[in-house]
Amino acid sequence: MSFSNDMKNELIGSFPKSLHCRIAMLSGYITICGRYNTDKESDSYHKLVIRVEDDEQEAYILKLIKMVTEIPAERIKLINEKKHHRKLLLEELQDIDELFLKCKLKPYAVSSEISKTNKSDDSVIKKHDRLLSDRIVIQKNCCKKSYLKGSFLAGGSIVAPEKSYQSEIAAVTKEEADKLCDILGALEIKANSVKHKDRYLVYIKEGDSISNLIGIMGASNALMKFENIRIVKNIRNSINREVNCDAANMAKTAKSSAKQVEDIKYIMSTVGLEFLTGGVREVAEIRLEYPDLSMKDLGTLFNPPLGKSGINHRFKKISELAEDIRSGKVKM
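Just so you know, these numbers come straight off a predicted model, no measurement behind them.

As for the overall build of the chain
Scanning the chain for helices and strands turns up eleven helices and ten strands. Within the chain, the fraction of its 332 residues that count as buried is 40%. Sequence separation of at least 24 residues holds for 62% of the intrachain contacts in the chain that already meet a minimum separation of 6. When the accessible surface of the chain is totalled, it reaches about 19000 Å², and 51% of it is carbon and sulfur.

Below you can see the structure in the form of structure tokens.
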């Protein structure tokens, strides 16, 4: 199973303790996954449809509705169209009104343009009502967390942390996306939103923020797994940085050494090493003997040892002499 699925299964393992938090959670869930139809010409006139992902989520939402309302279980129909496409259906207006009243929900008209056929560019307007919840249900911090938990169960996901750090909640309206961003901001989690097709994606892209989100929603096992993966990734990244740094230093040393050896051999073939003064000649002879050593390590071969700056100064003299010979300033 994916990281998101494992986390959602953990989240449905418990219910909020207080009634107001249960209301907030159910409100957050239905706002994302609920559709309300009031089209009198439609077969689904006055029907509230709540989408659920699987059997476990279906049982969880049913129990949550029972905790919040007095709607009889037998008046909530279960529709299983596909393996991963399940719905809860309420048809009694009194039940819908009770759920709306308890969860502080109201219909929000949405129109979306859909194609008549796969082969035609002609389109028709499909009308349906989504739902908005009153901000009164998220006045308390605990209710904000429960609302967030419900919204994530309904339309949230977290990319496998081994790949990258990204979490999203797919909201139906801009108003809902703005509300989720406000909730996350109040909980000190930085989030942004962007329109994508007919949805508004509320997204988080920082590892620390996603970790905070998981913790706030109460998924302790998922949080532990997420943090363990982050630790391993950080260690790997640190090792890779060190390896890359070492490789870069080795390449730099090799390039510098090759230039030094080239200059020394050029001097040997033109004016001879005898042209060099004692200390400079000594460093030239040692470089020819040890072409792969760094200047720091080269300095340890002298008695007394020379520092990197002292070695560098002598090589600078060698380089200047080689350039003077090439330019004709030094007569051979």
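Picking up after the structure, the text goes on.
Quick look at unusual backbone geometry
The omega torsion of the bond from asparagine 303 to proline 304 falls at 0 degrees, within 30 degrees of zero and hence cis. Summarising the element assignment, proline 304 is placed in the loop between helix 10 (295-299) and helix 11 (308-327). One non-glycine residue with positive phi stands out, namely glutamate 188, at about 65 degrees. Here glutamate 188 lies in the loop between helix 6 (174-186) and strand 9 (192-196). Judged by relative accessible area, glutamate 188 falls into the exposed class, the value being 70%. The phi torsion at lysine 197 lies on the positive side, around 60 degrees, for a residue other than glycine. What makes lysine 197 exposed here is its relative accessible area of 69%.

Let's talk about the packing of helix 8 (residues 220-270) against helix 9 (residues 278-289)
Relative to each other, helix 8 and helix 9 sit at 120 degrees, their axes nearing to 10 Å. Between helix 8 and helix 9, the interaxial angle falls into the category oblique. Of the two elements, helix 8 crosses helix 9, and the hand of that crossing is left-handed. Across the interface between the two elements, Ser257, Gln260, Val261, Ile264, Lys265 and Met268 from helix 8 touch Ala284, Arg287 and Leu288 from helix 9.

Re the packing of aromatic side chains
In the structure shown here, the tally under the stated rule is four aromatic pairs. Ring geometry for tyrosine 36 versus phenylalanine 100: centroids 5.2 Å apart, planes at 80 degrees, classification edge-to-face. You can see tyrosine 36 sitting in strand 1 (residues 34-37) and its partner phenylalanine 100 sitting in helix 4 (residues 93-103), a full 64 residues away along the chain. Side by side, tyrosine 36 and phenylalanine 100 carry an identical accessibility label, which is buried. Through a chain of ring-to-ring contacts, three or more aromatic side chains come together here, namely Phe3, Tyr165 and Phe226. In this structure, lysine 195 is placed above the aromatic ring of tyrosine 200, and the distance from its NZ or CZ to the ring centre is 5.5 Å.

Notes on the sheet that holds strand 7 (residues 156-158)
Sheets are built from strands paired through backbone hydrogen bonds, the pairs being either parallel or antiparallel. The four strands are arranged 7-8-10-9 in an open sheet whose pairing can be described as antiparallel. Bordering the open sheet on either side are strand 7 and strand 9, each of which pairs with just one other strand. Looking at each pair of strands side by side, their axes are set apart by 25 degrees on average, direction ignored. Looking at chain direction, strand 8 (residues 167-171) and strand 10 (residues 199-204) are connected through five bridges and run antiparallel. Looking across to strand 10, one finds that alanine 170 is bridged to leucine 201. This element, helix 5 (residues 141-155), spans strand 7 and strand 8 of the sheet and lies at about 85 degrees to strand 8.

A closer look at the pairing of strand 10
Note: strand 9 against strand 10, five bridges, orientation antiparallel. The residue bridging serine 193 from the neighbouring strand is valine 202, located in strand 10.

Some words on a nonpolar patch on the surface
On the surface, a cluster of nonpolar side chains totalling about 360 Å² of accessible area is made up of Ile231, Ile235, Ile239 and Val243. Mapping isoleucine 231 onto the fold places it in helix 8.

Re helix 3 (residues 55-68)
With 14 residues, helix 3 extends 20 Å from end C-alpha to end C-alpha; this agrees with the ideal 20 Å at 1.5 Å per step. Within the sequence span of helix 3, burial applies to Gln57, Glu58, Tyr60, Ile61, Leu64, Ile65 and Val68. Summarising the axial view, the buried residues of helix 3 lie within an arc of 165 degrees, below the 170-degree limit, and thus occupy one face. With a side-chain oxygen lying 3.3 Å from the backbone nitrogen of glutamate 56, the N-terminal cap of helix 3 falls on aspartate 54.

What counts and what doesn't
Residues numbered from 1 in each chain as written. Predicted model: local features only at pLDDT ≥ 70, side-chain atom pairs only at ≥ 80, totals over all residues. Heavy atoms only, no water. Helix = DSSP H or I, 4+ residues; strand = E, 2+ residues; numbered from the N terminus. Buried < 20%, exposed > 50% of the residue type's maximum accessible area, 1.4 Å probe, protein only. Contact = heavy atoms within 4.5 Å. Areas by Shrake-Rupley, 256 points an atom, 1.4 Å probe, with all protein chains shown as cover. Axes fitted to C-alpha atoms, helices over the stretch in contact; angles between N-to-C directions. Parallel < 35°, antiparallel > 145°, perpendicular 65-115°, else oblique. Left-handed = near helix turned anticlockwise from the far one by under 90°. Phe/Tyr/Trp six-rings, centres within 6.5 Å; stacked < 30°, edge-to-face > 60°. Lys NZ or Arg CZ within 6 Å of the ring centre and 35° of its normal. Pairing = 2+ DSSP bridges. Patch = residues over 30% accessible without salt bridge, like charges linked within 9 Å, V, L, I, M, F, W, Y side chains within 5 Å. Salt bridge = Lys/Arg side-chain N within 4 Å of Asp/Glu carboxyl O. Expected span 1.5 Å × (residues − 1). Arc of directions from axis to C-beta. Polar contact = N/O pair within 3.5 Å; in protein donor to acceptor, adjacent residues only side chain to side chain.

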